[in-house]
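# Survey of secondary and tertiary structure
The primary structure of each chain is shown beneath.
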Amino acid sequence: MKEVGKPEFESRTLSDRVCQQLISAIVSGELPAGTKISEADLAKTYGISRGPLREAIRRLESLRLIERKAHIGARVVKLSAEELIDIYQVREALEGMACRLAAQNMSDAEIQALFELLDQHETSVEEQAWQAYFQKAGDLDFHYRIVRGSGNAMLLELLGADLYHLVRMYRTQFSVSHYRPKRALKEHRQIVDAIAARDAELAELLMRRHISAARQNIAQQLNSSQEKSHG
């Protein structure tokens, strides 16, 4: 029976691997929003058969990173300006609350680890000449660590699962500018200072301001691109 189950296990492992690779490609912009998904091309690129690849694509659909449309097929999701703003408004409220709770619930060791994480991020951003602020998933993601540190399972479900990679995708895309990475890192440090001081009210306010600034940055970039397209 073990031998019968082995191919299925291997297939699932391949699917897991390529799913993570595709998530990274989409979030980083290697596969930009709106890109058509070609199973043949992806199978060749990742050295995987169609079965595990299709399973990975189905999982990406459930994560809202890939969408299927009639007569078009599967593409990397491309949100409208209104949908993006809606997501950032939700983030502002929920991550603000998560930050308030983190200031109350995170241990001193967890807070120290946040400071160390931001030191790592600063090194990474410096290597990108301050032009991009790309955070890897999970424990290497500042926002994820804050949400997890809130101790609220519902917030972790909403922000750490349902919207997580979609938010990362657009967070990364719109952080690429001549000023936003440096400003974002500074705002992150101010947030952690407030958490370390156990000032829950200030921590929430700073997180809300941080996400509001990111939302305004997105709106400015979208308006600029629209003006160029009409020009």
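Position numbers for residues start from 1 in each chain and track the written sequence from start to end. The predicted nature of this model means local features are confined to residues of pLDDT at least 70 and side-chain atom pairs, given and counted, to a pLDDT of 80 or more, with totals for whole chains, interfaces and linings taken over all residues. Only hydrogens and water are removed before side-chain values are computed, so all heavy atoms of the structure are retained for them.

### A short note on the pairing of strand β1 (residues 66–69)
Look at any regular strand and the pattern is simple: side chains alternate between the two faces of the sheet. Being paired, for any two strands, means DSSP has found at least two bridges between them. Each helix is a run of DSSP H or I of at least 4 residues and each strand a run of E of at least 2, with the numbering of both proceeding from the N terminus. Bridge count for β1 against strand β2 (residues 73–76) is four bridges, and the pairing is antiparallel. Looking at the pairing, I66 lines up with V76 of β2. Hairpin connection between β1 and β2: a loop of three residues separates the two successive antiparallel strands, and H71 in this loop has a positive phi of roughly 70°.

### With respect to helix α6 (residues 142–149)
Of all eight residues that make up α6, seven are buried, and the element is covered over most of its length. Here the term buried applies to any residue with accessible area under 20% of the maximum for its type, exposed to any over 50%, and partly exposed to those in between, with areas from a 1.4 Å probe on protein chains only. Within α6 the residues assigned to the buried category are F142, H143, Y144, R145, I146, V147 and G149. With a side-chain oxygen positioned 3.0 Å from the backbone nitrogen of H143, the residue opening α6 is D141. Backbone geometry just downstream of α6 places G151 in the positive-phi region, at approximately 75°. Polar contact is the term for a pair of N or O atoms within 3.5 Å; when the atoms are in protein, one must be able to donate a hydrogen and the other to accept it, and sequence-neighboring residues count only if both atoms are side-chain atoms.

### Side note on the nonpolar core
For the purposes of this section, nonpolar cores are sets of buried Ala, Val, Leu, Ile, Met, Phe, Trp, Tyr and Cys residues that join through side-chain atoms within 4.5 Å. Formed by 54 residues in total, the largest nonpolar core has its most connected members in F142, M169 and I195. A per-element tally of this core places helix α10 (residues 200–230) first, with eight residues. What makes two residues a contact is simply this: any of their non-hydrogen atoms within 4.5 Å. Setting aside its immediate chain neighbours within four residues, M169 contacts I26, V27, A33, L65, V76 and V77.

### Notes on helix α3 (residues 50–62)
Residues that lie three or four places apart on an α-helix share one face, since the helix turns once every 3.6 residues. Under the convention used throughout, the expected extent of a helix is 1.5 Å for every residue step, that is, one less than its residue count. For α3, built from 13 residues, the straight-helix expectation of 18 Å at 1.5 Å per residue is met to within 8% by its first-to-last C-alpha distance of 18 Å. Within the sequence span of α3, burial applies to P52, L53, A56, I57 and L60. All buried residues of α3 project into a common sector of 140° when viewed along the axis, lining one side. Backbone geometry just after α3 places R64 at a positive phi near 70°. In this context, the arc is that of the directions from the helix axis out to the C-beta atoms.

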